[in-house]
Amino acid sequence: MNLKNKTALITGATSGIGRATAYLFAESGARLILCGRRKERLQTIAKDLSSKTEVHTLQFDVRDKEAVFKQLENVPKEFANIDILINNAGNAHGLDAIQNGSTDDWDAMLDINVKGLLYVSKAVLPVMLKNQAGHIINIGSTAGKEVYPNGNVYCASKHAVDAINQGMRLDLNGKGIRVGAINPGLVETEFSEVRFKGDVDRAEKVYQNFTPLRPEDIADIILFAVTRPPHVNIADLTVMCLDQASSTLVNKE
Ligand code: NDP
Ligand code: 8X3
């Protein structure tokens, strides 16, 4: 599948789904703008992909509104014509009953998963509107389709992504811009390590005794979505591994 002459901006490209998407898009020839906070990782990935395509890296925290707009205003001109935006940066912070939740965790999830996605979209949209063309993929979650015990604010943030995805599609109708969400179930990435604040043992247990999705599985679906003919828009797609039936029902050995 060919993305030659397309420029794709991927947030959260330093790990998991975003990183897998960067590698797959590079194979397909897309020019890449890779974003994240961890500069060394961005540099390593850019070096890895430099034989396949042109890569520009942007280091910023999506919560930092000023940084988002400043960095995106100043991308080199050969990268400025963004065709594809993958709104992927995000994480869960904590897994606690609402009465025990940390307000810092709540701020992080709402500021990153919701407001960060909005800031990046607002910064990228003018070029898509000018071109009357573009494709935005919002990475939602099964947590944006149902709520599970102790998932409260993370689920709220992903329900917000679901609403924003629908709202974007309504407001951008007639402007040549495709908008769609990919909503994964359990994918083995650094997600649980972040959720459990570096407790690797606890994080590993989340993915034990069944076969979870791999980040490459989601990258593959993202590539499929962005390489459909221009009149085809995958509006909303939920994907789980075979062993998962819902957020709370996973067939473990
Ligand atoms: P990872 O933890 O592996 O990757 C998260 C990415 O988001 C990293 O590249 C990280 O980069 C970036 N990120 C996090 N916070 C910020 C921030 N404040 N500013 C900029 N970038 C940030 O997790 P996944 O790959 O699993 O998660 C990617 C997306 O997929 C998220 O939106 C997540 O909610 C969603 N998702 C994940 C599922 C799963 O089971 N893993 C299932 C459903 C959805 P850096 O730290 O360098 O800034
Ligand atoms: C990540 C999947 O089930 O941990 O969005 O919320 S889950």
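As the structure is a prediction and not an experimental result, all values here were calculated from the model.

Thresholds, definitions, all that
- Residues numbered from 1 in each chain as written.
- Chains lettered and ligands numbered in written order.
- Predicted model: local features only at pLDDT ≥ 70, side-chain atom pairs only at ≥ 80, totals over all residues.
- Heavy atoms only, no water.
- Core = buried A, V, L, I, M, F, W, Y, C linked by side-chain atoms within 4.5 Å.
- Buried < 20%, exposed > 50% of the residue type's maximum accessible area, 1.4 Å probe, protein only.
- Helix = DSSP H or I, 4+ residues; strand = E, 2+ residues; numbered from the N terminus.
- Contact = heavy atoms within 4.5 Å.
- Phe/Tyr/Trp six-rings, centres within 6.5 Å; stacked < 30°, edge-to-face > 60°.
- Lys NZ or Arg CZ within 6 Å of the ring centre and 35° of its normal.
- 1 Å grid on protein atoms, 1.4 Å probe; cavity = no way out; pocket = protein on both sides within 12 Å on 5 of 7 lines; lining within 4 Å.
- Points joined across faces, edges and corners; volume = space filled by probe spheres on them.
- Nonpolar A, V, L, I, M, F, W, Y, C, P; charged D, E, K, R; others polar.
- Salt bridge = Lys/Arg side-chain N within 4 Å of Asp/Glu carboxyl O.
- Near = heavy atom within 4 Å.
- Polar contact = N/O pair within 3.5 Å; in protein donor to acceptor, adjacent residues only side chain to side chain.
- Areas by Shrake-Rupley, 256 points an atom, 1.4 Å probe, with all protein chains shown as cover.
- Arc of directions from axis to C-beta.

**Focus on the nonpolar core**
Thought 1: Ranked by size, the top nonpolar core spans 31 residues in total, and within it Leu9 and Val120 carry the most contacts.
Thought 2: When contributions to this core are tallied by element, the ones reaching two or more residues are strand E2 (31–36), helix H3 (65–73), helix H4 (103–131), helix H5 (152–171) and strand E6 (177–184).
Thought 3: Among the elements that make up this core, the one with the highest residue count is H4 (ten residues).
Thought 4: Contacts of Leu9, omitting those with residues within four sequence positions, involve Ile33, Cys35, Leu72, Ile82, Ile84, Leu85, Ile86, Val120 and Val124.
Thought 5: Formed by 30 residues, the second largest nonpolar core is a distinct cluster that contains Ala13, Ile45, Ile139 and Ile234.

**Some remarks on the packing of aromatic side chains**
Thought 1: In total, this model carries one aromatic pair according to the counting rule given.
Thought 2: In this structure, Arg228 packs its charged tip against the face of Phe224, placed 3.8 Å from the ring centre.

**Here's the deal with empty space enclosed by the protein**
Thought 1: Under the definition given, this model contains two cavities of 30 Å³ or more.
Thought 2: Empty space within the largest cavity amounts to approximately 80 Å³.
Thought 3: His93, Gly94, Asp96, Met109 and Asn152 are, among the 15 residues lining the largest cavity, the residues nearest its centre.
Thought 4: Along the lines of polarity and charge, the residues of the lining of the largest cavity split into five nonpolar, seven polar and three charged.
Thought 5: Estimated volume of the second largest cavity: approximately 40 Å³.
Thought 6: Taken together, Thr11, Val62, Asn87, Asn88, Ala89, Ile112, Gly116 and Leu117 make up the full set of residues lining the second largest cavity.
Thought 7: Broken down by element, the lining of the second largest cavity gets its largest block of residues, three residues, from H4.

**Side note on the pattern of salt bridges**
Thought 1: Counted according to the given criterion, the structure contains ten salt bridges.
Thought 2: Across the salt bridge formed by Arg38 and Glu190, the nearest N and O atoms sit 3.3 Å from each other. Taken together, the residues Arg38 in the loop between E2 and helix H2 (39–49) and Glu190 in the loop between E6 and helix H6 (191–195) connect sequence positions 152 residues apart.
Thought 3: The closest approach of N and O atoms between Asp105 and Lys197, which form a salt bridge, is 2.7 Å. Here Asp105, found in helix H4, pairs with Lys197, found in the loop between H6 and helix H7 (200–206); they are 92 residues apart in sequence, far enough to count as distant.
Thought 4: Taking relative accessible area as the criterion, Lys197 reaches 54% and is therefore assigned exposed.
Thought 5: The structure contains a network of salt bridges with shared partners spanning Arg38, Arg41 and Glu190.

**Some points on the site of ligand 2**
Thought 1: Every residue near ligand 2 is listed here: Ser141, Ala143, Tyr148, Tyr154, Phe191 and Arg195.
Thought 2: Within the contact set of ligand 2, an oxygen atom lies 2.5 Å away from a side-chain nitrogen or oxygen of Ser141.
Thought 3: Here an oxygen atom of ligand 2 sits 2.6 Å away from a polar atom, N or O, in the side chain of Tyr154.
Thought 4: For ligand 2, whose free accessible area comes to 240 Å², the fraction covered by protein is 88%.
Thought 5: Grouping the constituent residues of the shell around ligand 2 by class yields four nonpolar, one polar and one charged.

**Remarks on the site of ligand 1**
Thought 1: Near ligand 1 you find 30 residues, and of these Thr14, Ser15, Arg37, Tyr154 and Thr189 are the closest.
Thought 2: A distance of 2.5 Å separates an oxygen atom of ligand 1 from a polar side-chain atom of Ser15.
Thought 3: Contact distances for ligand 1 include 2.9 Å between an oxygen atom and a side-chain N or O atom of Lys158.
Thought 4: Taken by itself ligand 1 offers 880 Å² of open surface, and the protein chains cover 97% of this.
Thought 5: Elements supplying a minimum of two residues to the shell around ligand 1: helix H1 (16–27) and H5.
Thought 6: In terms of residue class, the shell around ligand 1 is built from twelve nonpolar, twelve polar and six charged.

**Quick word on H2**
Thought 1: What H2 keeps buried is the set Leu42, Ile45, Ala46 and Leu49. Along H2, the residues classed as buried sweep out an arc of 100° about the axis, all on the same side. The outward face of H2, more than 90 degrees from its buried face, is lined by the exposed residues Glu40 and Lys47.
Thought 2: Those residues of H2 that are buried lie in contact with H1, E2 and strand E3 (55–59).

**Examining the environment of Gly134**
Thought 1: With respect to the element layout, Gly134 can be found in strand E5 (residues 134–139).
Thought 2: The class of Gly134 is buried, set by a relative accessible area of 14%.
Thought 3: Sequence separation between Gly134 and Thr103 is 31 residues; the distance between their C-alpha atoms is 36 Å.
Thought 4: Residues within four places of Gly134 in sequence aside, it is in contact with Asp83, Met128, Gly176, Ile177 and Arg178.

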